[in-house]
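Here's the letter readout for the chains.
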Amino acid sequence: MAGRLRLGLIFGGRSVEHEVSVVSAEHVIAAADKERFLVVPIGVAKSGAWLSPAETRAQLAEPAPPYGKRLVSPSPQAERGPGGEVGRADLGSAVDALAGLDVVFPLIHGTHGEDGTLQGLLEIAGLPYVGCGVAASALGMDKALMKALFRAQGLPVAEHVVLRAPDDEAGVLVAAREAERRLGYPVFVKPANGGSSIGISKATSREELAAGIALAARHDRKIVIEKGIAGREVECAVLGNADAEASPVGEVRYRREFYDYEAKYLDPATEVIVPADLPDDVVERAQALALRAFHAIDGAGMSRVDFFLCPDGSLVIDEINTIPGFTPASMFPRLWQAKGVRYSELITRLVDLALARYKERPVA
Ligand SMILES: Nc1ncnc2c1ncn2[C@@H]1O[C@H](COP(=O)(O)OP(=O)(O)OP(=O)(O)O)[C@@H](O)[C@H]1O
Ligand SMILES: [Mg+2]
């Protein structure tokens, strides 16, 4: 077994998707090719603290909560303290954890995992890593920047406005009136840097819009308000670097008002359909748009691109996710499975893509 690559698997993290990440990590540890990789799990607690090897093992050994509760943080607000403060990691333990690794798989969703900050640390450490680089990750995370970039490249996005979180009630009302004038109803209000639909709401009146702005302002200082789009929600996965390929297209169906936190993690009626029942031309257009979106952010390794399919057959890009859910039941692995790429092979492909990209970096 000599000569195996030491593959650091960083998981958990401060985001509300902490539990999803832990489950993904357990599967990656079990499925990674043991002849090629020695997986070194590195847990990050909800506080943001990087765990020691012993603490990481303890985190992985925790008994699984009952099904259905498993993928959910006890409170969607868990990543912030009672005063709204954010975690501070001891960087010494992060540096210790990275020592001796050959390559890293960052498998933390959202804050400090998917937003370019962890990628920045790995760049500084000089380590190859799976997935998008610093700028691509940051662009994929920030819904305002993402939309501006997509629009500049001629990619279809919902009409929207971006605003600073207002300081007081009067400011909320001014913002609501202005958004109403420009977009009408219904609209969706989102914190620019969010995840798992936390802080997102739908508004069909000025009262709801004002409440939505106040809610989003609790999560971010930047808010995006978008025209509501009535359509099916379809998703396409991208795998590769410069020569990336698009997967078959899947669909999520839910019975709630929109694909909110409840629908994503709690409602058993939510379905992930792979492949989606769609005309060939829709699939081809979704694949082409997914690749354009991926290259627009200068993506690497993997991403999942989510769309609205409107009744007239047009597609609107909702967002790109640079660290998509990675349990075997998640959309990204299922879309590749549908194309014949098994879960363990997907891990190998991603690591090889990380190594290939690292080799291409300028050395000057
Ligand atoms: N403009 C829109 N029109 C209709 N529905 C929308 C719109 N924007 C968001 N939604 C609904 O809200 C859900 C969540 O929105 P979005 O995908 O932008 O954020 P998110 O899922 O929290 O982000 P992330 O995927 O990064 O975790 C969508 O899946 C969709 O159901
Ligand atoms: Mg989404």
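Everything quoted here is computed from the prediction, not taken from an experiment.

Colleague: Would you mind going over the sheet that holds strand β3 (residues 103–107) with me for this structure?
Modeller: Two strands in a sheet stick together by hydrogen bonds in their backbones, pointing the same way (parallel) or opposite ways (antiparallel). With parallel pairing, the three strands of this open sheet are ordered in space as β2-β1-β3. For this open sheet the edge positions go to β2 (37–44) and β3, each flanked by a neighbour on one side alone. Averaged over all adjacent pairs, the angle separating strand axes in this sheet is 20°, with direction ignored. Across five bridges, the pairing between strand β1 (residues 5–12) and β3 is parallel. Each residue of the ladder has a partner; that of Phe11, found in β3, is Leu107. The strands touched by helix α1 (residues 18–31) are β1, β2 and β3; relative to β1, the strand with the most contacts, the crossing angle is about 155°. Across the sheet, helix α2 (residues 53–61) is in contact with β1 and β2; its angle to β2 comes to roughly 85°.

Colleague: Explain the nonpolar core to me, please; I cannot follow it from the model alone.
Modeller: Proteins that are soluble and globular tend to have nonpolar side chains buried together. Ranked by internal contacts, the top residues of the largest apolar core, which has 34 residues, are Val28, Phe105, Phe326, Leu346 and Leu350. Elements represented by at least two residues in this core include exactly β1, α1, β2, β3, β8 (232–240), α11 (331–337) and α12 (343–359). Of the residues forming this core, the biggest block, seven residues, is contributed by α12. Contacts of Phe105, omitting those with residues within four sequence positions, involve Leu7, Gly8, Leu9, Ile10, Val28, Val130, Met302, Phe326 and Leu350.

Colleague: So what exactly am I meant to see when it comes to the pattern of salt bridges here?
Modeller: Once their charged atoms are close, side chains differing in charge can pair, the charge on each being opposite to the other. In this structure the tally under the stated criterion is 21 salt bridges. Across the pair Asp142 and Lys222 runs a salt bridge, and its minimum N-O distance is 2.8 Å. Taken together, the residues span a long stretch of sequence, with Asp142 in the loop between α5 (134–141) and α6 (143–152) and Lys222 in strand β7 (residues 222–227) at a distance of 80 residues. As far as the burial class goes, Asp142 and Lys222 line up, both buried. Linking Glu180 and Arg206 is a salt bridge whose minimum nitrogen-to-oxygen distance equals 2.8 Å. With Glu180 in helix α7 (residues 169–183) and Arg206 in helix α8 (residues 206–217), this pair connects stretches of sequence that are 26 residues apart.

Colleague: Even after reading the chapter, I still don't get the site of ligand 1, so can you show me in this structure?
Modeller: Around ligand 1 lies a shell of 21 residues, among which Lys190, Ser197, Glu233, Lys264 and Glu319 are the nearest. Lys227 places a polar main-chain atom, nitrogen or oxygen, 2.9 Å from a nitrogen atom of ligand 1. At a separation of 2.5 Å, an oxygen atom of ligand 1 approaches a polar side-chain atom of Glu233. Look at ligand 1: alone it shows 620 Å² of surface, and the protein chains cover 94% of it. Examining the composition of the shell around ligand 1, we find that three residues originate from one element, strand β12 (residues 315–321), more than from any other. A per-class count over the shell around ligand 1 returns seven nonpolar, six polar and eight charged.

Colleague: I keep staring at the sheet that holds strand β4 (residues 160–164) and nothing clicks. Help me out?
Modeller: Taking strand neighbours across the sheet as the criterion, the four strands line up as β4-β7-β5-β6 in an open arrangement whose pairing is antiparallel. The open sheet has two edge strands, β4 and β6 (201–203), and neither has a second partner. On average, each strand axis in the sheet is tilted by 25° relative to the strand beside it, whichever way the strands run. For strand β5 (residues 187–191) and β6, the ladder comprises three bridges, and the chain directions are antiparallel. What sits directly across from Phe188, in β6, is Lys202. Against the sheet, α7 makes contact with β4, β5 and β7, and its axis sits at roughly 165° relative to β4, the strand it touches most. Lying over the sheet, α8 contacts β5, β6 and β7, oriented at roughly 15° with respect to β5.

Colleague: Can you help me understand the side chain of Glu17 in this one?
Modeller: Note that Glu17 resides in the loop between β1 and α1. As a buried residue without a salt bridge, Glu17 has its nearest oppositely charged side chain in Lys264, at a separation of 6.4 Å. Look past the residues within four positions of Glu17 in its chain and what remains in contact with it is His109, Gly110, Ser196 and Tyr265.

Colleague: Looking at this structure, how should I read the packing of aromatic side chains?
Modeller: When we look at a pair of aromatic rings, we describe it by the centre distance and by the angle of the planes. Within this structure, the stated rule accounts for six aromatic pairs. Look at Tyr254 and Tyr259: their rings are 5.3 Å apart centre to centre, the planes differ by 15°, and that puts the pair in the stacked class. Here Tyr254 falls in the partly exposed class, since its relative accessible area comes to 24%. Look at Tyr259 and you get buried, because its relative accessible area is 16%. Here the aromatic rings of Phe326 and Tyr343 are separated by 5.5 Å at their centres, their planes lie at 45°, and the arrangement is tilted. On the criterion of sequence distance, the pair formed by Phe326 in the loop between β12 and α11 and Tyr343 in helix α12 is long-range, its members being 17 residues apart. Of the two residues, Phe326 and Tyr343, neither departs from the other in class, the shared state being buried. Ring pairing ties together the aromatic residues Phe105, Phe326, Phe332 and Tyr343, which thus form one cluster.

Conventions and cut-offs
Position numbers for residues count from 1 along each chain, tracking the sequence in the order it is written. Numbering of ligands from 1 and lettering of chains from A proceed in the order in which they are written. Where local features are concerned, this predicted model is filtered to residues with pLDDT of at least 70; where side-chain atom pairs are given and counted, the filter is 80 or more; whole-chain, interface and lining totals use all residues. Each side-chain value is worked out from all heavy atoms of the structure, with water and hydrogens disregarded. Should DSSP find at least two bridges between two strands, the strands are taken to pair. What counts as a helix is a DSSP run of H or I of at least four residues, what counts as a strand is a run of E of at least two, and both are numbered from the N terminus. Helix axes use the C-alpha atoms of the stretch in contact, all axes being lines fitted to C-alpha atoms, and the angles between their N-to-C directions lie in the range 0 to 180 degrees. In this analysis, two residues are considered to be in contact whenever any of their non-hydrogen atoms come within 4.5 Å of each other. Residues enter a nonpolar core if they are buried and are Ala, Val, Leu, Ile, Met, Phe, Trp, Tyr or Cys, with the set joined through side-chain atoms within 4.5 Å. Three exposure classes are used, based on accessible area relative to the maximum for each residue type with a 1.4 Å probe and protein chains only: buried under 20%, partly exposed in between, and exposed over 50%. Salt bridges, as used here, are contacts in which a Lys or Arg side-chain nitrogen is within 4 Å of a carboxyl oxygen on Asp or Glu. When at least one non-hydrogen atom of a residue lies within 4 Å of a molecule or strand, that residue is treated as near it. Polar contact is defined as a pair of N or O atoms within 3.5 Å, subject to the rule that within protein one atom must be able to donate a hydrogen and the other to accept it, and that residues adjacent in sequence are counted only when both atoms are side-chain atoms. Areas reported here follow the Shrake-Rupley algorithm with a probe of radius 1.4 Å; residue values treat only the protein chains shown as occluding. Residue polarity follows a fixed list, in which Ala, Val, Leu, Ile, Met, Phe, Trp, Tyr, Cys and Pro are nonpolar, Asp, Glu, Lys and Arg are charged, and the others, Gly among them, are polar. When charges are counted, Lys and Arg contribute as positive and Asp and Glu as negative, whereas His and the chain ends are disregarded. Aromatic pairing here means that ring centres of Phe, Tyr or Trp (its six-membered ring) are within 6.5 Å. Orientation follows from the plane angle: under 30 degrees is stacked, over 60 is edge-to-face, and everything else is tilted.

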